[in-house]
Amino acid sequence: MLRATLRGFLAHKGRLALSALAVVLSVAFVAGSLIFSDTVGRTFDRLFASTAADVTVEPKEDLRSPVPGGVVRTVPAGLTERIAKVAGVAAVYADVSVRNVVVVDRHDRSVGPVTGAPTVAGSWYATRRSPVRLTSGHAPHGAGEALLDADTAGKRRVRIGDPLTVQAQPGSFRVRVVGIVTFTTTNPGAARVFLDPAVAGRVLLGSADRATGVSVDAVKGVTDTELKHRVGAAVGTGTYDLRTADEQAKSAAADLGGFLDVIKYVMLGFAGIAVLVGVFLIVNTFSMLIAQRTRELGLLRALGADRRQVRRSVLTEAVLLGVAGSTLGLAAGIGLAFGLIRLMAAFGMNLKATEMVIGWGTPVAAYAVGVGVTFVAAYLPARRAEAVSPMAALADAEVAGAGRPLRIRAVTGAVVGVAGAAALAGCAAATRTAPAASLLGLGVVLTLIATVIAGPLLVRPVIRVLGGAFPALFGPVGRMSQRNALRNPRRTGATAAALMVGLALVGGMSVASASMSASFDRQIDRTLGADFIVQGTEFRPFTKDVTDAVAGTPGAGLVVRQRIAPIALRLPDGRRVETTVTGYDPRLDDVAHLTYARGGSAAALAPGRLAMDAGFAQDHRVRIGTVLPVEFQGGRRASLTVGALTDQEGSQAFGSQGGVFLGLATLATYVPDGQDSALYVNAAPGTGAQELRAGLERSLKPFPQVQVRDQADYKKLVHDQIAVLLYLVYALLGLAIVIAVLGVVNTLALSVVERTREIGLLRAIGLSRRQLRRMIRLESVVIAVFGAVLGLGLGLVWGVCMQRVLALQGMTALAVPWGTVVAVVIGAAVVGIVAALLPALRASRMNVLTAIAHE
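Predicted model, so just to flag it, every value in this text is computed and none were measured.

**Q** Give a description of the sheet that holds strand β3 (residues 89-95) that names residues and reports values.
**A** Think of a sheet as strands paired side by side through backbone hydrogen bonds, with each pair either parallel or antiparallel. Spatially, the four strands line up as an open sheet ordered β3-β13-β1-β14, and their pairing is antiparallel. Here the strands that pair on one side only, and so sit at the sheet edges, are β3 and β14 (240-244). Here the average twist between neighbouring strands, direction ignored, is 20°. In the sheet, strand β1 (residues 55-59) pairs with β14 via five bridges, with the strands oriented antiparallel. Bridged to valine 57 within β14 is leucine 242. Seen against the sheet, helix α6 (residues 224-235) touches β1, β3, β13 (213-218) and β14 and runs at an angle of roughly 165° to β14.

**Q** Let's hear about the pairing of β1: which residues, and what values?
**A** Among the five residues of β1, four are classified as buried, and the element is accordingly described as predominantly covered. Relative to β13, β1 runs antiparallel, the two being bridged by three bridges. Within the sheet, the bridge partner assigned to threonine 56 lies in β13 and is serine 215.

**Q** Before we move on, can you summarise the packing of helix α25 (residues 769-807) against helix α26 (residues 818-844) with the specific residues and values?
**A** One can describe the packing of α25 onto α26 by two numbers: an axis separation of 7 Å at closest approach and a directional angle of 150°. As α25 packs across α26, the resulting crossing turns out to be right-handed. Partitioning the contact of α25 with α26 into residue classes produces 21 nonpolar, three polar and three charged.

**Q** I'd like to hear about the packing of aromatic side chains, residue by residue, with values.
**A** Any aromatic ring pair is given by two values, namely how distant the centres are and how the planes are angled relative to each other. One pass over the full model with this rule turns up six aromatic pairs. Arranged with centres 5.1 Å apart and planes meeting at 5°, the rings of phenylalanine 632 and tyrosine 670 form a pair that is stacked. Of this pair, phenylalanine 632 sits in strand β20 (residues 627-632) while tyrosine 670 sits in helix α21 (residues 664-670), placing them 38 residues apart in sequence. You can call phenylalanine 632 buried: its relative accessible area is 2%. Classification of tyrosine 670 by relative accessible area gives partly exposed; the value is 21%. The rings of Tyr584, Phe661 and Tyr680 are connected pair by pair, giving a single aromatic cluster.

**Q** Go over the confidence of the model for the protein chain, please, and point to the residues and values.
**A** The predicted model of the protein chain has a mean per-residue pLDDT of 84, with 92% of residues at 70 or higher. Per-residue pLDDT stays below 50 along residues 397-403; that stretch engages in 16 contacts with residues further than four places along the chain or on separate chains.

**Q** Can you break down the environment of serine 481 residue by residue, with the values?
**A** With respect to the helices and strands, the residue serine 481 is situated in helix α15 (residues 476-487). The residues contacting serine 481, other than those within four sequence positions of it, are Phe470, Met775, Leu778 and Glu779. Separated by 2.7 Å, the side chain of serine 481 and the backbone oxygen of glycine 478 make a polar contact.

**Q** Requested: an account of helix α1 (residues 2-11), with residues and values cited.
**A** Of all the positions in α1, only Thr5, Gly8 and Phe9 are classed as buried. The buried residues of α1 all sit within an arc of 100° when viewed along its axis, so they share a single face. Within α1, the exposed residues directed more than 90 degrees away from the buried face are Arg3, Arg7 and Ala11.

**Q** Residue-level account of the nonpolar core, with values.
**A** Ranked by size, the top nonpolar core spans 100 residues in total, and within it Leu440, Phe661, Tyr680, Ile776 and Trp798 carry the most contacts. With 17 residues, the top contributor of residues to this core is α25. Apart from the residues lying within four places of it in its own chain, the contact partners of leucine 440 are Leu424, Cys427, Trp798, Cys801, Met802 and Val805. Counting residues in each nonpolar core, the second largest holds 42 residues, with Val55, Val111, Val203 and Ala218 among its members.

**Q** How would you sum up the side chain of aspartate 105? Please name residues and give values.
**A** Secondary-structure assignment places aspartate 105 in the loop between β5 (102-104) and β6 (119-123). On the basis of relative accessible area, aspartate 105 is assigned to the buried category, the value being 10%. Here the side chain of aspartate 105 touches histidine 107 through a polar contact of 2.9 Å, landing on its backbone nitrogen. At 2.9 Å, the side chain of aspartate 105 forms a polar contact with the backbone nitrogen of arginine 109. Here aspartate 105 is in contact with Val111, Pro163 and Leu164, once residues within four sequence places are set aside.

**Q** Before we move on, can you summarise the environment of valine 199 with the specific residues and values?
**A** Structurally, the position occupied by valine 199 is in helix α5 (residues 197-205). A relative accessible area of 10% places valine 199 in the buried class. The spacing of valine 199 and valine 214 is 15 residues in sequence and 16 Å in space, taken between C-alpha atoms.

Parameters at a glance
Each chain has its residues counted from 1, running along the sequence as written. Local features in a predicted model are, by the rule used here, given only for residues with pLDDT of at least 70; side-chain atom pairs are given and counted only at 80 or more, and totals for whole chains, interfaces and linings are based on all residues. Values shown for side chains rest on all heavy atoms present in the structure; no hydrogens or waters enter the calculation. A strand pair is defined by DSSP finding two or more bridges across the two strands. Only DSSP runs of H or I with at least four residues qualify as helices, and only runs of E with at least two residues qualify as strands; both kinds are numbered from the N terminus onward. Note on geometry: axes are C-alpha line fits, over the in-contact stretch for helices, and angles between N-to-C directions span 0 to 180 degrees. Contact criterion: two residues are considered in contact whenever any of their non-hydrogen atoms come within 4.5 Å of each other. Burial status follows relative accessibility: with a 1.4 Å probe on protein chains alone, a residue under 20% of its type maximum counts as buried, one over 50% as exposed, and anything between as partly exposed. In this scheme the handedness of a crossing depends on how the near helix is turned from the far one: anticlockwise by less than a right angle means left-handed, clockwise means right-handed. Residues are grouped as follows: Ala, Val, Leu, Ile, Met, Phe, Trp, Tyr, Cys and Pro are nonpolar; Asp, Glu, Lys and Arg are charged; all remaining types, including Gly, are polar. Ring pairs are drawn from Phe, Tyr and Trp, using the six-membered ring of Trp, whenever the two centres fall within 6.5 Å, and their geometry is named by plane angle: stacked under 30 degrees, edge-to-face over 60, tilted for the rest. pLDDT is a per-residue confidence score from the predictor, ranging from 0 to 100. Think of a polar contact as two N or O atoms within 3.5 Å of one another; within protein, one of them needs to be a possible hydrogen donor and the other a possible acceptor, and neighboring residues in sequence only count if both atoms come from side chains. For this quantity, the arc is that covered by the directions from the helix axis to the C-beta atoms. By convention a nonpolar core is built from buried Ala, Val, Leu, Ile, Met, Phe, Trp, Tyr and Cys residues, the set being connected through side-chain atoms within 4.5 Å.

Structure, rendered in structure tokens:
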């Protein structure tokens, strides 16, 4: 049986090739994501371990800001003097490292990275742990000199002697590049600027008596843990965060982990789609191979093979397919990881491909996925194979199940479908986001399973409609193509299911994204009243110089500042909620149209007052006049009174949790070092909008980190951000389509082999090669469109339910992108034509007499 199995596998290796390709794709994404994340993790672990001081002293971490607020937490620079007296300290350095700076060259062009990585300015001192070393020029001396990293200098064509302008929170200042430093470890992608330690605190933090941290080196023989306890006793462990080198490295690695997880989960999402769609392809392939080998399996049974041997034979073929596909997929995954590493280098993160990490878990996961998927997918066909009787060798009957009733599928599909529909209905009726999202997920899974199970039941009624015009348009050829698609509903349903999965995902996400865009547009139209908004790239805060430039622009009338800061609220129901608060200047009503349930802007922006969303307030028993304890960064605390409640559509979605805002004067009292995050600008009387825009762009030319936007620009910005998610979904669709095309090709190719004698007879009675090719193409098109119709129908239902969940967050507009729906259906027809090219060509080249004699 083993020899027969191996021979059978080798005899059908061509027919199994496309199934193997589906395995290769799924395994490649799994292996590639694991190798890439392991490589980045190992690289940065070495970086953090080699550059961390024995002990670091940093400000106490209280509130983590979900959005950049522009506040730099500091420690007294005088701590170095106290720490230097601690026994066991070899050296101590006051660190100044600021990430919210912008550096521009003499042509007002940004010198920083364009990939979202920060520009970091700090104090220069060289130790054995420094991540950079001075490779040309000399160290900076005084306020007018600076060092620049070699990667940034090369990309921005900056040389020693060139002037740069550094825009920092205390103000802008000019420096001259006097040296170039080169990274001794991995360059994480940031631009680095180093200043004289004697002036770094003053120009970057506003005071020479402040630092962002203190680095401490231990004398030989003193452990990091022991030194940490000694330093903690000297400075106070409750006041500052103290970490050893290992703890600092782990903390930095944990912060990096979020970035790595995004990449890993995206790639694993591609792998999941490949696995899911590949299952349909493998099931269909083995089912058809077994149907075509009915006589062969019957002969094996007649020669003495029992049911278990036949089943093991088919599963062994599946395992062999999985091993071959996993091996190739692992190799492809290594290539994919290499490509990602090179891609990251293009974005400024210079990883070394020679240091690629392939841990033991990667091949284990690769073979577990590849072999596991093929084994599970082949199990049902293997069970059908063991049911072949010895008499099948004489009767030459198929075991594909074309004629078996679909009653079990009907009952199972109906039960699962009703459960899924009930979950989606519960989602649509839910009044809270968490249970609605849970019911949505359950409903999506159940309805997808139900559609896959009941797909063959829908083949005959749907394809009769989709192919109803074929006889009139193409005559007998059209009629035969329609009947060929109806011949085996199970096979047609399984072939279309691969395409259905991808298109259902696209349909659902397209409705959700279109609804989000429509809701944002409606909210912007209702709320935004300013002529222009000045904002930083990626919504980063900007320096006071930008605000002054805008206020001094000829034709600029009212300028309302916006500033953001993290806070923690103690609510009457006992909960402590960490969120963000937005501060505004007075006259907010002149640049924004807010709807209030109680109170108004005057009460909301009054000293010692705040406003919040009425729904959030109701959920937490907050009323007008309620006094709330509020915690700010740096340990500052206040008791603020609720002065107004807003009733803004989308307040939960378009702002922070609770929609909390207050007067900028109140915010500045507790966050004195904050930076503006946006400016709302109205034109002065007698100044046109275009004239003001031109003036603002001239004034802001030295500040490339900010943009001037009107209402249309702001809508486009929001649409572009939503489109990023949609592009990911389209990429998943592309992968699903690739595998679905493979499935259609495989089905048609095996179907051609199965119908060899039939094709020969058709050719013998006068069917031309061209008509034969057309018949197979039409069959492929109707199968692909059938999958598209099922997928889009399911996706539209999902999308409507997704919009109901979004509505609970204030995004109440429902939009269906009908253009996308029509384009997808047309695209499905094109996919069917493309998938049929090779099978149709092969069928048309058959020798008529040989085909008639085929058994």
